[in-house]
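# Structural overview for review
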Amino acid sequence: QVQLVESGGGSVQPGGSLKLSCVASGFKLDYFAIGWFRQAPGKEREGVSCISSSTRTTYFADSVKGRFNISRDNAKNTVYLQMNSLKPEDTAVYYCATGELWRVCSGSGLEHYYMDYWGKGTLVTVSS
């Protein structure tokens, strides 16, 4: 089965860091752009970041730009989201997702491209 599984969430104080992982199984993610999304209670789901398949072009939402980094290790079938300088407003469930035809990451693609596959999410809580 095609699956995406997130891990690495947890509780951290403001200013702290977490590294999230998205591991694909049932398919090789080499040919897919991967996006990270988040959703907090009472808020809309928002695109956070994405990374292209071959060119590794990246995108970051303004809210996380300069604080988050995205990378991929195709040999491990894994995409990472390094989250630094975390703020309370970063608290959310974080999801990774991709679409069967998605190859190139962009802000527009992250917002509008149809995502066929989603992970179940990992919770990130930032509080003092």
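See the structure above.
The sections below set out a description of the structure shown in this document. (Residues numbered from 1 in each chain as written. Predicted model: local features only at pLDDT ≥ 70, side-chain atom pairs only at ≥ 80, totals over all residues. Heavy atoms only, no water.)

## What to know about the nonpolar core
Heads up, the rule is: We call a set of buried residues a nonpolar core when its members are Ala, Val, Leu, Ile, Met, Phe, Trp, Tyr or Cys and they connect through side-chain atoms within 4.5 Å of each other. Type-normalised accessible area, obtained with a 1.4 Å probe on protein chains alone, sets the label of each residue: buried when under 20%, exposed when over 50%, and partly exposed for intermediate values. To qualify as a helix, a DSSP run of H or I must reach at least 4 residues; to qualify as a strand, a run of E must reach at least 2; elements of each kind are numbered from the N terminus. Only heavy atoms enter the contact rule, under which two residues are in contact if any of them lie within 4.5 Å.
Counting 28 residues, the largest nonpolar core has Trp36, Phe68, Val79, Leu81, Met83 and Tyr94 as its most contacted members. For this core, the elements supplying multiple residues, two or more each, are strand E3 (18-25), strand E4 (34-39), strand E5 (46-51), strand E7 (68-73), strand E8 (78-83), strand E9 (92-98) and strand E11 (122-126). Among all residues touching Met83, those that are not within four sequence positions of it are Gly16, Ser17, Leu18, Leu20, Arg67, Phe68, Tyr94 and Val124. If you look at the next biggest cluster of nonpolar residues, it comprises 8 residues, including Phe37, Trp102, Cys105 and Met115.

## Description of the packing of aromatic side chains
Going by this rule: Pairing of aromatic rings covers Phe, Tyr and Trp, the last counted by its six-membered ring, and requires centre-to-centre distances within 6.5 Å; plane angles under 30 degrees mean stacked, over 60 mean edge-to-face, and any other angle means tilted. Two thresholds decide whether a charge sits over a ring: the Lys NZ or Arg CZ must be within 6 Å of the ring centre and within 35 degrees of the ring normal.
The final tally for this structure, using the stated rule, is 5 aromatic pairs. Pairing Phe27 with Phe32 gives two aromatic rings, centres 5.3 Å apart and planes at 80°, and the pair type is edge-to-face. The same class applies to Phe27 and to Phe32, which are both buried. Through a chain of ring-to-ring contacts, three or more aromatic side chains come together here, namely Phe27, Phe32 and Tyr117. The side chain of Arg45 reaches across the aromatic face of Phe37, ending 5.8 Å from its centre.

## Regarding the state of the cysteines
Put simply, the rule is: We call a pair of cysteine sulfur atoms a disulfide when they lie within 2.5 Å.
Throughout the structure, instances matching the rule amount to 2 disulfides. Each disulfide pairs two cysteine sulfurs, and for Cys22 the partner residue is Cys96, the sulfurs being separated by 2.1 Å. Taking the torsion about the S-S bond as the criterion, the Cys22 to Cys96 disulfide, at about 75°, is right-handed. Of this pair, Cys22 sits in strand E3 while Cys96 sits in strand E9, and the two are 74 residues apart along the sequence. The disulfide that involves Cys50 links it to Cys105, with 2.0 Å between the sulfurs. Judged by the sign of its S-S torsion, about 75°, the cystine formed by Cys50 and Cys105 is right-handed. Of the two residues, Cys50 sits in strand E5 while Cys105 sits in the loop between E9 and helix H1 (107-112), which places them 55 residues apart along the sequence. The pair Cys50 / Cys105 is uniform in exposure class, with both members buried.

None of the figures reported here should be taken as evidence of function without further support.
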